[in-house]
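# Breakdown of the fold
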Amino acid sequence: MTKPALDQTPQLNGMFRFQWEEAQNCHVLLYPEGMIKLNDSAGAILSEVNGEQDCAAIIQALETRFPEAGELGPDVLEFLAIAHEQNWIGYA
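Overview of the structure.

Attention now moves to the side chain of threonine 9. When you line up the elements, threonine 9 lands in the segment before strand S1 (10–12). Setting aside its immediate chain neighbours within four residues, threonine 9 contacts Gly51, Glu52, Gln53, Asp54, Gly90, Tyr91 and Ala92.

Here you go:
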């Protein structure tokens, strides 16, 4: 698993749609064959993935939103690497 560089810009794979699913009470990734339920951390990270912010900006935004969490960089980069392996995201 290769972690992304801070200057890489992740974007959601076009076959997935990220949204809040009230019935599941969580964020999900919808795709033609089904749905992936995301935990709170994954939902928070993917909510910042818009194809415009690079990884450094995503980390900064999350650290601003969750100051009590401390440094989030390593965890965010690890999740983005997993999301890339799962083909949920690509890099612009």
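Okay, the nonpolar core next. Core analysis: the largest hydrophobic core is formed by 21 residues, its most contacted members being Val76, Phe79, Leu80 and Trp88. Among the secondary structure elements, those contributing two or more residues to this core are helix H1 (40–48), helix H2 (55–65) and helix H3 (73–85). Tallying contributions element by element places H3 first for this core, with five residues.

This next bit is on the side chain of asparagine 13. As for its placement among the helices and strands, asparagine 13 is situated in the loop between S1 and strand S2 (17–21). In terms of polar contacts, asparagine 13 uses its side chain to reach the backbone carbonyl oxygen of asparagine 87, at 2.9 Å. Setting aside residues no more than four positions away along its own chain, asparagine 13 makes contact with Asn87, Trp88 and Ile89.

On to the pattern of salt bridges. With the rule as written, the count across this model stands at one salt bridge. Salt-bridge contacts for glutamate 48 lead to arginine 65; the nearest nitrogen and oxygen are separated by 2.9 Å. Highlighted residues: glutamate 48 in helix H1 and arginine 65 in helix H2, separated in sequence by 17 residues. According to the relative accessible area criterion, glutamate 48 is buried, its value standing at 13%.

Another aspect to go through is unusual backbone geometry. Despite not being glycine, asparagine 25 shows a phi value in the positive range, around 60 degrees. Tracing the backbone shows asparagine 25 in the loop between S2 and strand S3 (26–31). Look at asparagine 25 and you get exposed, because its relative accessible area is 54%. Unlike most non-glycine residues, asparagine 87 shows phi in positive territory, near 70 degrees. Position of asparagine 87 among the secondary structure elements: in the loop between H3 and strand S5 (89–91). For asparagine 87, a relative accessible area of 42% gives the class partly exposed.

Empty space within the largest pocket amounts to approximately 160 Å³. Residue lining of the largest pocket: Asp40, Ser41, Ala44, Ile45, Leu62, Phe66, Ala69, Leu72, Asp75 and Val76, and that is the complete set. Looking at the lining of the largest pocket, the elements with two or more residues in it are H1 and H3. When residues of the lining of the largest pocket are assigned to their parent elements, the largest contribution, four residues, is made by H1. In the lining of the largest pocket, the residues fall into seven nonpolar, one polar and two charged.

Criteria and thresholds
- Residues numbered from 1 in each chain as written.
- Predicted model: local features only at pLDDT ≥ 70, side-chain atom pairs only at ≥ 80, totals over all residues.
- Heavy atoms only, no water.
- Helix = DSSP H or I, 4+ residues; strand = E, 2+ residues; numbered from the N terminus.
- Contact = heavy atoms within 4.5 Å.
- Core = buried A, V, L, I, M, F, W, Y, C linked by side-chain atoms within 4.5 Å.
- Buried < 20%, exposed > 50% of the residue type's maximum accessible area, 1.4 Å probe, protein only.
- Polar contact = N/O pair within 3.5 Å; in protein donor to acceptor, adjacent residues only side chain to side chain.
- Salt bridge = Lys/Arg side-chain N within 4 Å of Asp/Glu carboxyl O.
- 1 Å grid on protein atoms, 1.4 Å probe; cavity = no way out; pocket = protein on both sides within 12 Å on 5 of 7 lines; lining within 4 Å.
- Points joined across faces, edges and corners; volume = space filled by probe spheres on them.
- Nonpolar A, V, L, I, M, F, W, Y, C, P; charged D, E, K, R; others polar.

Interpretation in functional terms is not warranted from these geometric data alone.
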